[in-house]
Structure formats: C-alpha cells, structure tokens
Amino acid sequence: MINKQFPPHFFWGGATAANQCEGAWNADGKGVSISDVMTNGTHLEPRRITPVIDEDSYYYPSHEAVDFYHHYKEDIALCAEMGFNIFRMSINWTRIFPNGDETEPNEKGLEFYDKVFAELKKYKIEPLVTIYHNENPFALTHKCNGWASRECIEYYLRFCEVLFHRYKDVVKYWIPFNEINCLTTKLGNWNHAGILNDGTEYFTDQTDNPDLRFAALHHQFVASARAVKMGKAINPQFHFGTMICHITVYPLTPHPDDVILTQQEDMMRNCFSADVQVKGIYPYYIKSYFEKNNIHFEITEQDLKDIAEGCVDFYSFSYYMSNCISSDANSAKVSGNVMGGAKNPYLKATDWNWQIDPKGLRYTLNHVYDRYGVPIMITENGLGAKDVLEADGSVHDDYRIQYIKEHIEQMKEAIGDGVDLIGYTPWASIDLVSVSTGEMEKRYGFIYVDKDNQGNGTLKRYKKDSFYWYQKVIQSNGEIL
Ligand code: BG6
C-alpha cells in the first residue's frame with residue numbers, strides 16, 4: 001500500500017524574517033540594514049530605496065514592523081499553542097555587526113537572540129535559522145556596493161563564526177542565504193546583495209549590471225560553502241540547507257519553442273543555484289548562458305574547491321505559485337514574487353495576481369527530489385490576502401485554510417510518490433511586512449496583528465480561524481485537514 005502519511009518526526013511550524021517582523025530597527029546598538037531604507041509601497045506604487053532615511057517624508061515599515069523584538073515571548077507562546085515543533089527565523093546581521101565590517105560583535109544583539117532561543121527551547125521548538133534574509137548592513141553598500149565585492153565574503157564569515165560558536169548547542173538547522181537564486185534576476189540586486197547601482201530609485205526598477213550581480217551570486221556561493229565547512233568543524237551535527245525561490249514553470253503550449261524556453265528558464269532560475277550549493281559544481285549549462293550574455297566575473301580555483309567541499313545537506317524552497325512560459329511576446333501576463341510569466345488559463349490567482357497551483361507543489365517536490373536526492377523542507381508557502389478583524393476579535397480566513405489545505409494534500413501525494421519531505425514552515429507564523437510591496441495588509445499569518453499599511457494600530461495579536469485549523473493539522477500530524 002502506498003504510504004501517504006507524514007513521517008512521525010515531521011517538522012511542522014511557520015516562517016518569519018527579522019526585517020519583516022522584529023522592528024526595533026535602531027535599538028540596542030543595531031545598525032541600519034538595507035531593509036531599513038525601503039519605504040512602503042503598494043501593488044501599484046513601487047517601494048523606494050532612500051539612501052538617506054527621511055522619516056518626515058516617508059514611512060519605513062521595517063522600523064517597527066510587528067515589533068517581534070518586544071513581543072517575542074507572546075508570539076512564540078502562540079506558535080507553541082499551535083503545536084509548532086520548528087520555527088523559521090532570521091538573525092538580523094546589523095544587530096550583531098551594525099556596519100558589517102566591525103571585528104567585535106554587539107553583545108546586546110546577541111543577547112536578544114539568546115532570549116529568543118531560550119524561549120523556543122522552553123516549548124521544545126527547533127529553531128531553523130536563516131543567516132541572511134534581506135538584512136545586509138547598509139554600510140556595506142556604501143563601502144563596497146554590497147556583495148558585488150568579494151570583501152563581503154569575509155564579513156559574512158565573521159558573522160557566521162560568531163553565530164556558530166554562540167549558538168552551537170541551541171541551533172542545528174541553518175540556511176546560509178534566503179532565496180539565493182533571486183540574484184539570477186535584476187530584482188535581486190538590492191534585497192539579496194545590497195547592490196545599489198547609479199540610477200536605482202525603486203525596488204521594482206533597479207539599474208542592473210549583470211557582471212556585478214552574478215559576481216555577487218558567486219561570492220554568496222563561496223561564502224555559503226565556506227560557512228558550511230566552518231560550521232561543521234564547530235559542530236558536526238549542524239545541518240545546512242539551500243533555500244530556493246522556486247517559481248515552477250510550465251510551457252504555455254506544447255510548441256517545442258515554448259518547451260525549450262521553459263527548460264532554459266527552469267535551469268537558470270530554479271536549478272542553477274541549487275546545483276552549485278547541493279551538488280558543489282558549476283553546472284554545464286551556465287557556461288553557455290554566461291557566454292551568450294557576455295557575463296564576466298572572477299572565479300578562482302580556490303572558489304571552486306570551496307564550493308565542492310561545502311555542499312549543503314538539505315534542499316529547502318519557497319513555493320507560492322507556478323507560471324507559464326511562452327515564446328509569444330503577446331501572451332497574457334501574471335505577476336510573481338521574483339518573476340512573472342504567462343497566464344495559465346487553468347489557474348486562479350490571488351489579489352496580488354500570484355497564480356495558485358497546489359498540484360504544482362507535488363510536481364516541484366518530485367522534480368527537485370529527483371534532481372538532488374536529499375531531504376526537502378518547504379520553508380515558505382502561503383497566501384497573502386486582506387483579512388478582516390471582526391468586532392469580537394475573530395478573523396475568518398477560510399481562503400487561507402483552503403490554500404494551505406490543498407497544498408498539504410499535495411505534500412501527502414508527494415510523500416506517497418516517495419519524496420523525502422521532512423518539514424513545512426508556511427509563510428508566515430504571524431502577519432508581517434510584505435517584501436514586494438511593503439504593505440502590512442498583504443497578510444500571511446495564522447496570527448493577526450492589528451496594524452495597517454500606514455503604521456497605525458495597537459499591535460495586538462489575534463488568533464485567526466487558520467490558527468485553530470493549523471493546530472488540528474499539527475496535532476493529527478497532517479491527518480485532519
Ligand atoms: C519570499 C520571501 O520571496 O516571499 C519573503 O522570502 C516574502 O521574505 C515572501 O515575504 C512573500 O512575498 P511578499 O512580497 O508577499 O512579502
């Protein structure tokens with residue numbers, strides 16, 4: 001009989017990122033991160049990157065976010081109440097090294113994470129730590145245009161070394177870079193590498209220099225590999241994972257041109273970065289891509305050796321949608337978190353025009369397991385939607401329940417197919433600031449936070465219907481959906 005049940009020690013939890021939930025942007029010695037200089041925006045109005053913070057003219061949503069910094073006890077207690085046994089979070093680099101290039105860490109910043117980890121431990125919740133999640137020190141943009149410079153590797157490793165020593169007994173699961181493959185697109189320059197080229201004013205319309213961008217990606221591959229090697233020397237029990245923003249792609253038609261384009265898009269956007277991090281090689285197809293696109297940057301022998309020696313142990317990815325690829329430039333379009341695509345006539349989309357495709361998750365799980373053969377975690381998946389807080393404090397988010405339920409059903413199918421799926425941390429544990437638009441009202445959480453797009457609200461937490469539903473899912477290890 002085919003077993004479609006979740007394994008007994010399956011990780012059930014939720015995900016967050018420091019810059020989107022912590023707030024306290026300049027508390028206790030914290031420096032300015034790249035997220036702290038991004039204004040709010042909307043679906044139609046792009047977020048602005050302001051090299052000088054101007055709070056009189058603009059609203060910066062990361063500055064307070066949902067103030068996890070002062071609410072972490074309450075928030076973790078709520079996650080424990082849902083039954084989480086894993087909690088994905090990031091460590092804000094600028095709390096530890098405010099400018100990125102200091103030699104001594106900021107003790108106050110480390111103390112905050114000591115407390116967070118102690119709180120998680122109290123409830124037997126495993127931390128899953130993203131080391132870099134859009135929190136590059138802004139000072140490194142001034143100093144060396146972020147990851148465009150090789151210098152960043154050393155600064156990052158200094159940060160890792162501090163984390164690995166300090167938390168060697170409390171953290172086992174590490175993700176060196178969130179959605180590292182975003183650097184294959186020009187949108188990745190800023191959030192994923194702190195690169196600010198002349199002419200960039202808006203997050204969604206950045207000046208791109210592919211040589212710098214791919215150099216930055218290469219520097220992150222090297223940094224990731226060296227972090228893995230360093231981490232395993234400090235604690236051989238550490239597990240490291242890649243984290244890919246997986247935009248699953250289908251050919252819009254069976255026309256061979258569409259099929260070839262789709263394959264190329266999949267290899268470039270989804271596979272390239274994981275091939276490097278999981279297999280420890282620069283894949284064959286990337287060489288011709290660089291040649292065709294006239295992309296040049298330095299790769300040393302030592303870099304390749306490090307990459308080969310510092311492979312990650314598990315594959316993790318975010319999955320929100322799928323897109324179609326068409327060779328017809330006039331095909332109808334949809335948007336997405338990193339790249340849009342052609343509209344799939346069989347799928348519905350969210351209010352932000354992200355196509356909803358639960359079966360695509362089963363397809364993706366099989367696709368990546370076949371390619372890499374390592375354990376897999378889905379470290380982001382969820383529905384950004386407008387929620388209504390009722391007068392009695394309830395939030396009826398049946399649409400979110402439906403979305404997650406259908407995705408969990410497909411996870412079970414994939415387990416039945418034989419995929420080694422070990423964990424699920426949907427986005428997000430709690431409402432937080434949206435990356436693409438800077439809105440609060442594009443909500444993902446199981447926990448509602450009373451705060452609006454302009455920063456008004458009490459910050460009070462409320463349990464949504466999905467909170468109680470997910471609690472039952474976890475209690476039954478995915479049997480009651
Ligand atoms: C992922 C990011 O790309 O998508 C998260 O890792 C982000 O940080 C999530 O919040 C959802 O995107 P958005 O733009 O709706 O916040």
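Residues numbered from 1 in each chain as written. Predicted model: local features only at pLDDT ≥ 70, side-chain atom pairs only at ≥ 80, totals over all residues. Heavy atoms only, no water.

*Asks:* Quick one: what's the story with the environment of Asp75, residue by residue and with numbers?
*Replies:* Along the polypeptide, Asp75 turns up in helix H2 (residues 68-82). Taking the C-alpha atoms as reference points, Asp75 and Ser429, separated by 354 residues in sequence, lie 8.8 Å from one another. Once residues lying within four places of it in the same chain are set aside, the contact partners of Asp75 are Phe68, Ile430 and Arg461. (Helix = DSSP H or I, 4+ residues; strand = E, 2+ residues; numbered from the N terminus. Contact = heavy atoms within 4.5 Å.)

*Asks:* How would you explain unusual backbone geometry if you had to name every residue and give the values?
*Replies:* A cis amide bond, omega 10°, links Trp427 with the succeeding residue Ala428. Inspection of the secondary structure assignment puts Ala428 in the loop between strand E12 (421-424) and strand E13 (447-449). A positive phi angle is found at Asn294, which is not glycine, with a value near 55°. Along the chain, the position of Asn294 falls in the loop between helix H10 (284-292) and helix H11 (301-309). On the accessibility criterion, Asn294 (54% relative accessible area) is exposed. (Buried < 20%, exposed > 50% of the residue type's maximum accessible area, 1.4 Å probe, protein only.)

*Asks:* So what about helix H13 (residues 398-417)? Which residues, and what values?
*Replies:* An α-helical segment advances 3.6 residues per turn. Residues three or four places apart therefore align on the same side. Across its 20 residues, H13 extends 29 Å between first and last C-alpha, which sits within 8% of the 28 Å expected from 1.5 Å per residue. Those residues of H13 lying buried are Arg400, Ile401, Tyr403, Ile404, His407, Ile408, Gln410, Met411, Lys412, Ala414 and Ile415. Check the buried side of H13 and you find it contacts strand E1 (11-15), helix H12 (358-372), strand E11 (376-380), E12 and helix H14 (465-475). At the exit of H13 stands Gly418, carrying a positive phi of roughly 110°. (Expected span 1.5 Å × (residues − 1).)

*Asks:* Which residues make up the pattern of salt bridges, and what values go with them?
*Replies:* Working definition: two side chains of opposite charge can pair if their charged atoms are close together. Evaluated as defined, the whole model comprises 34 salt bridges. Arg88 serves as the salt-bridge partner of Glu380, at 2.9 Å between the closest nitrogen and oxygen. One end of the pair, Glu380, is in strand E11; the other, Arg88, is in strand E2 (residues 86-90), and 292 residues separate them in sequence. Each member of the pair, Glu380 together with Arg88, is buried. (Salt bridge = Lys/Arg side-chain N within 4 Å of Asp/Glu carboxyl O.)

*Asks:* With reference to specific residues and values, describe the packing of helix H6 (residues 151-166) against helix H8 (residues 210-234).
*Replies:* One can describe the packing of H6 onto H8 by two numbers: an axis separation of 10 Å at closest approach and a directional angle of 25°. For the element pair H6 / H8, the angle class is roughly parallel. In this structure, H6 crosses over H8, and the sense of that crossing is right-handed. Contacts from Ile153, Glu154, Tyr156, Leu157, Cys160, Glu161, Phe164 and His165 in H6 reach His219, Val222, Ala223, Arg226, Ala227, Met230, Gly231 and Ile234 in H8. Here the residues of the contact of H6 with H8 sort into 10 nonpolar, 3 polar and 3 charged. (Axes fitted to C-alpha atoms, helices over the stretch in contact; angles between N-to-C directions. Parallel < 35°, antiparallel > 145°, perpendicular 65-115°, else oblique. Left-handed = near helix turned anticlockwise from the far one by under 90°. Nonpolar A, V, L, I, M, F, W, Y, C, P; charged D, E, K, R; others polar.)

*Asks:* Lay out the environment of Met38 with the relevant residues and their values.
*Replies:* Locating Met38 in the fold gives a position in the loop between helix H1 (18-21) and H2. Of the residues examined, Met38 reaches a relative accessible area of 2% and is grouped as buried. Considering only alpha carbons, one finds Met38 and Tyr59, 21 residues apart in sequence, at a separation of 8.6 Å. With residues up to four places along the chain from it excluded, the contact list for Met38 reads Arg47, Arg48, Ile49, Tyr59, Tyr60, Pro61, Trp190, Asn191, Phe203 and Val435.

*Asks:* Now, about the nonpolar core: what can you tell me, with residues and values included?
*Replies:* By size, the foremost hydrophobic cluster in this structure holds 141 residues, and its most contacted members are Trp147, Tyr156 and Phe272. Apart from residues lying up to four places away in sequence, Tyr156 is in contact with Trp93, Ile131, Tyr132, Trp147, Pro176, Phe177, Ala223 and Ala227. (Core = buried A, V, L, I, M, F, W, Y, C linked by side-chain atoms within 4.5 Å.)

*Asks:* Break down the site of the ligand for me, citing the residues and quoting the values.
*Replies:* Around the ligand, 14 residues are found, and the nearest of them are Gln20, Glu179, Ser436, Lys442 and Tyr444. Glu179 is positioned such that a nitrogen or oxygen atom in its side chain is 2.7 Å from an oxygen atom of the ligand. Val435 places a polar main-chain atom, nitrogen or oxygen, 2.8 Å from an oxygen atom of the ligand. Calculation on the ligand without its partners gives an accessible area of 380 Å², and the protein chains cover 96% of this total. For the shell around the ligand, a count of residues per class yields 5 nonpolar, 6 polar and 3 charged. (Near = heavy atom within 4 Å. Polar contact = N/O pair within 3.5 Å; in protein donor to acceptor, adjacent residues only side chain to side chain. Areas by Shrake-Rupley, 256 points an atom, 1.4 Å probe, with all protein chains shown as cover.)

*Asks:* I'd love a proper account of the pairing of strand E3 (residues 126-130), names of residues and values included.
*Replies:* With 5 of its 5 residues buried, E3 lies for the most part within the structure. Side chains of E3 alternate between two faces, with Glu126, Leu128 and Thr130 and Pro127 and Val129 buried alike. Note: E2 against E3, 5 bridges, orientation parallel. Among the inter-strand pairings, Arg88 is bridged to a residue of E3, identified as Leu128. Inspection of the sheet shows E3 paired to strand E4 (residues 173-175) by 3 bridges, in the parallel sense. Across the sheet, the residue bridging to Val129 is Trp174, located in E4. (Pairing = 2+ DSSP bridges.)

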